[in-house]
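The lines below spell out each chain.
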Amino acid sequence: MKIKVLFPVLLLCIAASCNSSGGKDKKSDASNIADALLAPTLKILGSFVGDFGDNKITLLITKASGDTIEGRSVVGGNDRPFSGTFKNTGDVYAITASEPGDDKYDGVFNISIDVTKPDVITGSWTPNKPGENLAAKRFTLERKAFRYLQDVGMYPDASKRLLKEADVENLMKPELQQMRNEIFARHGYCFKKKDLREEFENKDWYIPNTVDVKKDLTEIEKKNIALIKKYEKYAEDYGDDFGR
């Protein structure tokens, strides 16, 4: 890879120049050139989101060093690490990365990133074990970082303040479930249930980011979830008596 070969050579030349002059400006020049060499590689790091067959996927490219790359794929209720290699061909980085292979839904990504258009990646994914319900996929993803937003969804107050019984006591069970699941969705929870994925993956604000949000929930949200679940059970047990 060009960066891998040229980078040490240039740094040696720069270091020799700095030693001969002994000036702080020369050291600054060396730092600037090093940053410039690394900049194209840094452009391939980030979070990329988009359609992946019937689901929405988040590809997180978290590390690029030498010619190796690491990251995670979050899709369909799964959060899987991947690792592989990348090479530079002009302005395009070609990435080949594999998921571990110990899950039936694991496969291999082949990704292209044009450093002149670093906010879009294209590629394909091939399953290790193709089947009737598991086929290869092509995708185009856009750079989009996950952010926790409280002011989204139909029931944003469930993440903003402690709910009172008056807020939930007259809601039907589907409404209560929507309120509770929105809390998880705001934290980027990747739902395993297909109907819930379909519900939230159509929302512009939703980005699947993890399969475990327990540590991310606020104290307000934890208390509200408990209250909502209490009334979900109430609606299930007594709803018909009140025309629900």
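Residues numbered from 1 in each chain as written. Predicted model: local features only at pLDDT ≥ 70, side-chain atom pairs only at ≥ 80, totals over all residues. Heavy atoms only, no water.

**So, the pattern of salt bridges**
Overall, the coordinates contain 12 salt bridges when judged by the stated rule. Measuring nitrogen to oxygen at the nearest pair gives 2.8 Å for the salt bridge that ties R72 to D79. A salt bridge links R161 to D167, with the nearest nitrogen and oxygen atoms 3.1 Å apart. Judged by its relative accessible area of 32%, R161 is partly exposed. You can call D167 partly exposed: its relative accessible area is 29%. (Salt bridge = Lys/Arg side-chain N within 4 Å of Asp/Glu carboxyl O. Buried < 20%, exposed > 50% of the residue type's maximum accessible area, 1.4 Å probe, protein only.)

**With respect to the confidence of the model for the protein chain**
Overall, the prediction assigns the protein chain a mean pLDDT of 85, with 80% of residues at 70 or greater. Per-residue pLDDT, averaged within each element of the protein chain, yields its smallest value for helix α1 (residues 2-21) (43) and its largest for helix α3 (residues 157-160) (98). Across residues 1-24, where pLDDT falls below 50, the model places 22 contacts with residues more than four positions away in sequence or in other chains. (pLDDT = per-residue confidence, 0-100. Helix = DSSP H or I, 4+ residues; strand = E, 2+ residues; numbered from the N terminus. Contact = heavy atoms within 4.5 Å.)

**Some thoughts on helix α5 (residues 173-186)**
Over its 14 residues, α5 extends 20 Å from the first C-alpha to the last, a length consistent with the 20 Å expected when each residue adds 1.5 Å. With 10 of 14 residues buried, α5 is to be regarded as a mostly interior element. Among the residues of α5, those classed as buried are L176, Q178, M179, R180, N181, E182, I183, F184, A185 and R186. (Expected span 1.5 Å × (residues − 1).)

**A short note on the nonpolar core**
If you look at the biggest cluster of nonpolar residues, it comprises 25 residues, and the most contacted ones within it are L163, V168, L176, M179, F184, F191 and I228. Not counting chain neighbours up to four residues away, the residues in contact with L163 comprise D157, A158, V168, M179, N224, L227 and I228. Core analysis: the second largest hydrophobic core is formed by 22 residues, L59, V75, V115 and I121 among them. (Core = buried A, V, L, I, M, F, W, Y, C linked by side-chain atoms within 4.5 Å.)

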